Amino acid sequence: QVQLVESGGGLVQAGGSLRLSCAASGSIFSINAMGWYRQAPGKQRELVAVATSGGRTNYADSVKGRFAITISRDNAVKMVSLQMNSLKSEDTAVYYCNARYNEYVNYWGQGTQVTVSS
């Protein structure tokens, strides 16, 4: 089992920046990737960015060049952070942290609201 605790998020003006962080604890040794997804009202949840334990990253086209994901580990906690710059109103959504063992085993955070005012 993995527990995910998210922090960050909030209200920001367009063009501003926010940083999301997520701490994973529990059975973190089996985590192969951590990432962020988002879900806007009336839309499906979509991938924002993901980082593998091997150092590979992948971003949604809509956030490339604006968002940066980092993954790190400190003893029994594995962290994933998402630095979001040049925010746009279309980035408004609930952002969810994800920790993945494989295609069958995923863990989700509770979600944190990001609102970008234009």
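Data block above holds the structure.
Presented here is a report on the structure given in the accompanying data block. (Residues numbered from 1 in each chain as written. Predicted model: local features only at pLDDT ≥ 70, side-chain atom pairs only at ≥ 80, totals over all residues. Heavy atoms only, no water.)

### Some details on the sheet that holds strand β3 (residues 18-26)
Paired through their backbone hydrogen bonds, the strands of a sheet run either parallel or antiparallel. Which entries qualify depends on this criterion: Between any two strands, pairing holds if DSSP finds at least two bridges. Every helix listed is a DSSP run of H or I at least four residues long, and every strand listed is a run of E at least two residues long, numbered separately from the N terminus. Orientation is described by axes fitted as lines to C-alpha atoms, over the contacting stretch for helices, and by angles from 0 to 180 degrees between their N-to-C directions.
With antiparallel pairing, the four strands of this open sheet are ordered in space as β1-β3-β8-β7. Looking at which strands have only one partner, the edges of the open sheet turn out to be β1 (2-7) and β7 (67-74). Taken pair by pair, the neighbouring strands of this sheet meet at an average axis angle of 15 degrees, ignoring direction. Bridge analysis of β7 against strand β8 (residues 77-84) gives eight bridges, and the strand direction is antiparallel. Bridged to D74 within β8 is V77.

### Considering the pattern of salt bridges
Pairing is possible between side chains of opposite charge, provided their charged atoms come close. Definition in use: Here a salt bridge means any side-chain nitrogen of Lys or Arg lying within 4 Å of a carboxyl oxygen belonging to Asp or Glu. For every residue, the accessible area obtained with a 1.4 Å probe (protein chains only) is divided by the maximum for its type, and the residue is called buried under 20%, exposed over 50%, and partly exposed between those limits.
A complete count under the given rule lists four salt bridges for this structure. Note that D91 and R38 form a salt bridge whose closest N and O atoms lie 3.0 Å from each other. Pair noted here: D91 is in the loop between β8 and β9 (93-100) and R38 is in strand β4 (residues 33-39), with a separation of 53 residues, a long-range link. With a relative accessible area of 1%, D91 lands in the buried category. For R66, the salt bridge goes to D91, with nearest N and O atoms at 2.8 Å. With R66 in the loop between β6 (57-59) and β7 and D91 in the loop between β8 and β9, this pair connects stretches of sequence that are 25 residues apart.

### Comments concerning the nonpolar core
Spelled out, the test is: Here, the term nonpolar core denotes a set of buried Ala, Val, Leu, Ile, Met, Phe, Trp, Tyr and Cys residues that are joined through side-chain atoms within 4.5 Å. Any two residues having at least one pair of non-hydrogen atoms within 4.5 Å are treated as being in contact.
Ranked by size, the top nonpolar core spans 32 residues in total, and within it L4, M34, W36, L82, M84 and Y95 carry the most contacts. Elements that contribute at least two residues to this core include exactly β1, β3, β4, β5 (46-52), β7, β8, β9 and β11 (112-117). In this structure M84 touches G16, S17, L18, L20, R66, F67, Y95 and V114, once residues within four positions along its chain are discounted.

### A look at the packing of aromatic side chains
Using the following cut-off: Think of it this way: a Phe, Tyr or Trp ring, Trp meaning its six-membered ring, pairs with another when their centres are within 6.5 Å, and the plane angle makes it stacked under 30 degrees, edge-to-face over 60, tilted otherwise.
For the coordinates displayed, the defined rule picks out two aromatic pairs. With a centroid separation of 5.0 Å and 70 degrees between ring planes, the pair formed by Y37 and W108 is classed as edge-to-face. Of the two residues, Y37 sits in strand β4 while W108 sits in strand β10 (residues 106-108), which places them 71 residues apart along the sequence. Residue Y37 is classed as partly exposed on the basis of its relative accessible area of 21%. For W108, a relative accessible area of 38% corresponds to the partly exposed category. Judged by centre distance (5.5 Å) and plane angle (70 degrees), the ring pair of Y101 and Y107 falls under edge-to-face.

Purely geometric numbers; function is a separate question.
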